[in-house]
Each structure stands twice: as C-alpha cells, then as structure tokens.
Amino acid sequence: MEYIGFTYVSNFVSKRVEEILFEAYNDTNKLFEEWKLPIRLVYLDKLTLEPGYLITIETPEGKVRLFPLDVLVDFLDYRLKVEIEKNDGMNMNKILGITSFPLTSRDKYFGFYEKFLGFQAERLGRQVMLLSMRPFESDSMRMALKILDNPLADEDLKRLAVRVLSRELPAFKMRLIKGMLHEIGHSFGLEHCSNDCVMNSPQTLEEWDSRFLGYCDPCRQKLEKNLNSSWKD
Ligand SMILES: [Zn+2]
Ligand SMILES: [Zn+2]
C-alpha cells in the first residue's frame, strides 16, 4: 500500500468547508478502495501557519493575502519528514496539502489554468503536492459563506445562504475530489490526457463538473504499472 499524508492549511477555512474537506478525504479513499488501487490518504492534522508569513500580492482579481508557495512546500515537507520518522517502515513519501487561497510564489501569479492544477515539488525523494480549493469555489458559494460568517446578517438572508450552500457544497466537493485525484495521478507519473478522465485538465469549472470522476483506462493502466514498479524499489 502507498500512503499519502493529507493536510490542509486551516487559517482561512470555515467550519462548513472543513467538513467538506473531510468528506472529500473519505470519499477519495473509498474510490481507491472501490477501484482496488493500493493508494490511501492518511490524515495528518491541519496546518496553521503564523500570520507573519502572509504576503499581499496584486493579482488580476485584486489584492490577495496568502502564504508564498516556497513557505508552504517547506512546511509540508517538514510535516512529512516528521511523520516518516515517527512511522519507520510505513510506505509514505508523499504529502498532499489543500489551501484555501490561490497558489503563488513571491514573483509570479499563476493563471486560472495553473491554479486548477495545483503544484508538485520533490525534495530528496519526498513528494510535496499542493492543491488550491479556491478555483473550485463558485461566487455564490463564497458569498453564502460570508453571509453565514457575519453575526449581523439578516435571518432571511441566512436562510437563503443555507439553501445556496446545500446546492453548491456538493458540487464543490466533487470538484475537489477530482482535483485531488488529478494531483495524486501526477505524483505517480501520470501526465495530462485528452479522454474523459480526471487527468484531462479543464479550462472552465463547467468542463470540470462534467468530467468523469475517475481515471480513463490508459491512465489507470499506467497508474497500476507505476504502482507495481514502485513496490519493487
Ligand atoms: Zn495537471
Ligand atoms: Zn486519462
């Protein structure tokens, strides 16, 4: 079995989104089990980063406060290293971290396409994967969460927000699961493909919503082959 550490940067995550993250984590493991793929996510607790690392950058969407990519990779790599030392002999050399803000480095703002796809880095044989959930959130979902976080919001407005979320959150969860499967696929050597498959990267949210939840046959075969060869190492 190949284990992948799973964590998220908790600083800006609301309670409701946190619940969805755990559902996505559980559902992804259920899918791997169903597909008889020897991959499992292992929850490693959430990461809370010091606000001192926050930077403000100008983006096409206006000013955004976030943690720089290199800081995130360092933190995740350190977290994975600690876990490997604790569980000597456990087959785990990958970690997947979810962030609520767009991924960016100090001097570069990734476009829509890149944000969707997350980020991968390798450190001494350890694989760090980062995925931003931000591109998977619809505007109405963000607005509804804001209303519910506001103690002064009107009761009718809150009821409306709850209704919007009951429609938006399940869609958000599916997008997130597909994004996690996409990054995990990359971490086992899969490249982008053009079939109806999670490895076919989307240009729009609608396209991602209509995408098949799973790997196409060629991707799956390659994934199985790469999993087998990594066992022999
Ligand atoms: Zn990709
Ligand atoms: Zn494919």
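Right above here is the structure, for reference.
Predicted, not measured: the structure shown is a model, and the values here were computed from it. (Residues numbered from 1 in each chain as written. Chains lettered and ligands numbered in written order. Predicted model: local features only at pLDDT ≥ 70, side-chain atom pairs only at ≥ 80, totals over all residues. Heavy atoms only, no water.)

Enquirer: Could you give me a rundown of the overall build of the protein, with the residues and numbers involved?
Expert: Across its full length, the protein holds 7 helices and 9 strands. At 18 Å, the protein has a C-alpha radius of gyration in line with the 17 Å of a compact globule built from 233 residues. The dimensions of the protein, computed from C-alpha atoms along their principal axes, are 60 × 40 × 30 Å. Counting every position in the protein, which comprises 233 residues, the buried fraction comes to 53%. (Helix = DSSP H or I, 4+ residues; strand = E, 2+ residues; numbered from the N terminus. Rg over C-alpha atoms; globule rule 2.2 N^0.38 Å. Buried < 20%, exposed > 50% of the residue type's maximum accessible area, 1.4 Å probe, protein only.)

Enquirer: Explain the nonpolar core to me, and be specific about the residues and the numbers.
Expert: If you look at the biggest cluster of nonpolar residues, it comprises 49 residues, and the most contacted ones within it are Leu-176, Ile-184 and Tyr-215. Sorting the residues of this core by element identifies β1 (2–8), α1 (15–34), β2 (39–43), β5 (92–99), β9 (126–132), α4 (139–149), α5 (155–187) and α7 (217–232) as the ones contributing at least two each. The dominant element in this core, judged by the number of residues it contributes, is α5, at 10 residues. In this structure, Ile-184 is in contact with Ile-4, Phe-32, Ile-39, Leu-41, Leu-96, Met-129 and Tyr-215, ignoring residues within four places of it in sequence. One finds Val-9, Leu-44, Leu-54 and Val-64 within the second-largest nonpolar core, a separate group that totals 22 residues. (Core = buried A, V, L, I, M, F, W, Y, C linked by side-chain atoms within 4.5 Å. Contact = heavy atoms within 4.5 Å.)

Enquirer: So what's going on with α4? Residues and values would help.
Expert: Taken as a whole, α4 has its buried residues at Met-141, Ala-144, Leu-145, Ile-147 and Leu-148. The buried residues of α4 all sit within an arc of 160 degrees when viewed along its axis, so they share a single face. Residues of α4 that are exposed and angled more than 90 degrees away from the buried face: Asp-139, Met-143, Lys-146 and Asp-149. In this structure, the buried side of α4 is in contact with α1 and α5. (Arc of directions from axis to C-beta.)

Enquirer: Give me the lowdown on the packing of aromatic side chains, citing residues and values where you can.
Expert: In total, this model carries 8 aromatic pairs according to the counting rule given. Ring geometry for Phe-22 versus Tyr-43: centroids 4.9 Å apart, planes at 75 degrees, classification edge-to-face. Here Phe-22, found in helix α1, pairs with Tyr-43, found in strand β2; they are 21 residues apart in sequence, far enough to count as distant. For Phe-22, a relative accessible area of 29% translates into the label partly exposed. Exposure remark for Tyr-43: the relative accessible area of 28% places this residue in the partly exposed category. On the basis of an interplanar angle of 80 degrees and a centroid distance of 6.3 Å, the ring pair of Phe-32 and Trp-35 is categorised as edge-to-face. Each of the two residues, Phe-32 as well as Trp-35, counts as buried. Of the aromatic side chains, those joined through ring pairs into one cluster are Phe-6, Tyr-8, Phe-22, Tyr-25 and Tyr-43. Cation over ring: Lys-94 sits above Phe-188, and NZ or CZ is 4.3 Å from the ring centre. (Phe/Tyr/Trp six-rings, centres within 6.5 Å; stacked < 30°, edge-to-face > 60°. Lys NZ or Arg CZ within 6 Å of the ring centre and 35° of its normal.)

Enquirer: Describe the pairing of strand β3 (residues 55–59), with residues and values.
Expert: Side chains Ile-55, Ile-57 and Thr-59 of β3 all project onto a buried face; the interleaved residues Thr-56 and Glu-58 project onto a face where none is buried. Pairing geometry for β3 and strand β4 (residues 62–66), over 5 bridges, is antiparallel. Paired with Ile-57 across the bridge in β4 is Val-64. Remark: 2 residues form the turn of the hairpin made by β3 and β4, two consecutive strands paired antiparallel. (Pairing = 2+ DSSP bridges.)

Enquirer: Please give an account of the coordination of the zinc ion (ligand 2) that cites residues and values.
Expert: Here the zinc ion (ligand 2) is held by Cys-193 (SG), Cys-197 (SG), Cys-216 (SG) and Cys-219 (SG), and the distances to it run 2.3 Å. One way to put it: the 4 donor atoms around the zinc ion (ligand 2) meet at angles of 104 to 115 degrees, and that makes the site tetrahedral. Taken in sequence order, the residues that donate to the zinc ion (ligand 2) follow the motif C-x3-C-x18-C-x2-C. One end of the pair, Cys-193, is in the loop between α5 and α6 (205–210); the other, Cys-216, is in the loop between α6 and α7, and 23 residues separate them in sequence. Both residues of the pair, Cys-193 and Cys-216, belong to the buried class. (Donors = N, O, S within 2.8 Å, 3.2 Å for Na, K, Ca; no water. Tetrahedral: all angles 85-135°; square planar, octahedral: opposite > 155°, others 65-115°.)

Enquirer: Give me α5: which residues, what numbers.
Expert: Taking 1.5 Å of rise per residue, the 33 residues of α5 would be expected to cover 48 Å, and the 46 Å separating its terminal C-alpha atoms lies within 8% of that figure. The principal kink in α5, of about 30 degrees, is found at Ser-166, preceding the proline Pro-170 by one to four residues. Positive phi appears at Gly-189, one or two residues downstream of α5, with a value of about 90 degrees. (Expected span 1.5 Å × (residues − 1). Bend = angle between axes of the 7 residues up to and from the residue.)

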